[in-house]
Amino acid sequence: MNASDPIPWLDRSLFARRAGPREARRFCRRLAQKHYENFTVISFLLPRALRQHFANVYAYCRVADDLADELENPELALDRLLEWEHELDRCFRRESRHPVFVALEESAGLFNLPREPFVDLLTAFRQDQVKTRYETWEELLAYCRHSANPVGRLVLYLCGYRDEERHALGDFTCTALQLTNFWQDVTRDYARGRIYIPEEVMELHGCGEQALARGLADEAWRSMMADLVGRTRALFVCGAPLAARVRPRLRFEIELFTRGGLEILRTIEDFGYNTLRARPTLSRWQEARIAVEALAGVFAPRSQVQGN
């Protein structure tokens, strides 16, 4: 890692000395606030005592994701990901230097976080450098078990939930969110040389890679996307019961992301499944409505998100 790296939080100076605790916490908060997906990462409803730890875990995930996607050189990305894992090892030996890991040391110790979810993420990001096609649906789900599910498990660990039943429900939701992102980003991923739509699903609907190359959303493409949306919606519904099995403040986060994911799937349907034409996103009005619905779900302990 050197000063010429295009990712500023990998500057060599950040590895030269051990960051102070206050500096490290501030670094992670800034990184978490700078980046976001469809919703803010750290909700105002999270207990104040947890917000910093969410930021610490998010900072680790964010940097690792950038290493996989932003360097535009697979060999360089693999090298950086390996160095990031070495820093993770130092973190669990409490020998960190980089501010992300100094902050993460505190969270890992306080919440007894296991090393495995952090390593699983790196496994997925390495896979992205060498694997660009998936043959089967099960193969894609196996990728999601490394790329998405560890994040949900870390969130549950931070909130004090360690039982496999809740973690399994969270896996459904995290996998569904990952898949939804894939269906949103088919053209972006293809531009990077990646196709996450399994070959068996494309063949089932008589749709080939040429549809992506030509940007042609014909009947075969729409049939395939309808199938993928249906499979993904079913995963959201499988994970929905988790919201009723956690404390209200975490329930809001789960409701928010689940409802947001389902709304994106509906938006894909409204596009006529033509995700080759434009990337389906949520409007501010949709986001506001979902936030209100999610907040209402906090006060309805037995409510479940429906698939339609």
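Note that this is a predicted model, so its numbers are computed, not measured. (Residues numbered from 1 in each chain as written. Predicted model: local features only at pLDDT ≥ 70, side-chain atom pairs only at ≥ 80, totals over all residues. Heavy atoms only, no water.)

## Overview of unusual backbone geometry
Part 1: With phi around 55 degrees, asparagine 112 is a residue other than glycine that occupies positive phi space.
Part 2: Topologically, asparagine 112 is positioned in the loop between helix H4 (99-111) and helix H5 (116-130).
Part 3: By relative accessible area, which is 54% here, asparagine 112 ends up exposed.
Part 4: You will see that tyrosine 273, though not glycine, has its phi angle at about 65 degrees, which is positive. (Helix = DSSP H or I, 4+ residues; strand = E, 2+ residues; numbered from the N terminus. Buried < 20%, exposed > 50% of the residue type's maximum accessible area, 1.4 Å probe, protein only.)

## Let's talk about the environment of proline 99
Part 1: Residue placement: proline 99 occurs in helix H4.
Part 2: Accessibility expressed as a relative area gives 1% for proline 99, which makes it buried.
Part 3: Taking the C-alpha atoms as reference points, proline 99 and asparagine 56, separated by 43 residues in sequence, lie 9.4 Å from one another.

## Quick look at the packing of helix H2 (residues 48-69) against helix H7 (residues 149-158)
Part 1: Remark: H2 packs on H7, axes separated minimally by 11 Å, with the N-to-C direction vectors making an angle of 160 degrees. Compared by their axis directions, H2 and H7 come out roughly antiparallel. In the packing of H2 onto H7, the handedness of the crossing is right-handed. Between H2 and H7, the contacting residues are Leu50, His53, Phe54, Val57 and Cys61 on the first element and Val151, Leu154, Val155 and Leu158 on the second.
Part 2: Class assignment of the residues belonging to the contact of H2 with H7 gives a composition of 8 nonpolar, 1 polar and no charged. (Axes fitted to C-alpha atoms, helices over the stretch in contact; angles between N-to-C directions. Parallel < 35°, antiparallel > 145°, perpendicular 65-115°, else oblique. Left-handed = near helix turned anticlockwise from the far one by under 90°. Contact = heavy atoms within 4.5 Å. Nonpolar A, V, L, I, M, F, W, Y, C, P; charged D, E, K, R; others polar.)

## Concerning the packing of H2 against H5
Part 1: Where H2 contacts H5, the two axes come as close as 9 Å, and the packing angle between them is 15 degrees. Accordingly, the angle class assigned to the pair H2 and H5 is roughly parallel. For the pair H2 and H5, the crossing hand works out as right-handed. Counted together, Tyr60, Cys61, Ala64, Asp65 and Ala68 of H2 and Phe118, Val119, Leu121, Leu122, Phe125 and Gln129 of H5 form the full contact between these two elements.
Part 2: Of the residues in the contact of H2 with H5, the class split is 9 nonpolar, 1 polar and 1 charged.

## Observations concerning the confidence of the model for the protein chain
As a general rule, the predicted coordinates of low-pLDDT regions are not to be interpreted in detail.
Part 1: Of all residues in the protein chain, 87% have pLDDT values of 70 or greater, and the mean over the chain is 87.
Part 2: In the model, residues 36-41 has pLDDT below 50 throughout and makes 17 contacts with residues more than four positions away in sequence or in other chains.
Part 3: Of the regions scoring below 50 in pLDDT, residues 303-308 engages in 13 contacts with residues more than four places distant in sequence or in other chains. (pLDDT = per-residue confidence, 0-100.)

## Quick word on the environment of threonine 173
Part 1: Positionally, threonine 173 belongs in helix H8 (residues 164-184).
Part 2: When the C-alpha atoms of threonine 173 and threonine 232 are compared, they prove to be 9.3 Å apart, with 59 residues separating the residues in sequence.
Part 3: Among all residues touching threonine 173, those that are not within four sequence positions of it are Phe236, Gly239 and Thr258.

## So, a negative patch on the surface
Part 1: Where like charges cluster on the molecular surface, the negative patch consists of Glu135, Glu138, Glu199, Glu200 and Glu203.
Part 2: In terms of residues, the negative patch owes the most to one element, helix H10 (residues 199-204), which gives 3 residues.
Part 3: By the element assignment, glutamate 203 lies in helix H10.
Part 4: Relative accessible area serves as the criterion here: at 63%, glutamate 203 is assigned to the exposed category. (Patch = residues over 30% accessible without salt bridge, like charges linked within 9 Å, V, L, I, M, F, W, Y side chains within 5 Å. Areas by Shrake-Rupley, 256 points an atom, 1.4 Å probe, with all protein chains shown as cover. Salt bridge = Lys/Arg side-chain N within 4 Å of Asp/Glu carboxyl O. Lys, Arg positive; Asp, Glu negative; His and termini not counted. Charge placed at Lys NZ, Arg CZ, Asp CG, Glu CD.)

## Let's talk about helix H12 (residues 219-239)
Part 1: The terminal C-alpha atoms of H12, which comprises 21 residues, lie 31 Å apart, in line with the 30 Å expected from a rise of 1.5 Å per residue.
Part 2: Every buried residue of H12 is listed here: Ala220, Trp221, Met224, Met225, Asp227, Leu228, Val229, Thr232, Arg233, Leu235, Phe236 and Gly239.
Part 3: Packing partners of the buried residues in H12 comprise helix H6 (137-147), H8, helix H9 (186-191), H10, helix H11 (209-214) and helix H13 (248-270). (Expected span 1.5 Å × (residues − 1).)

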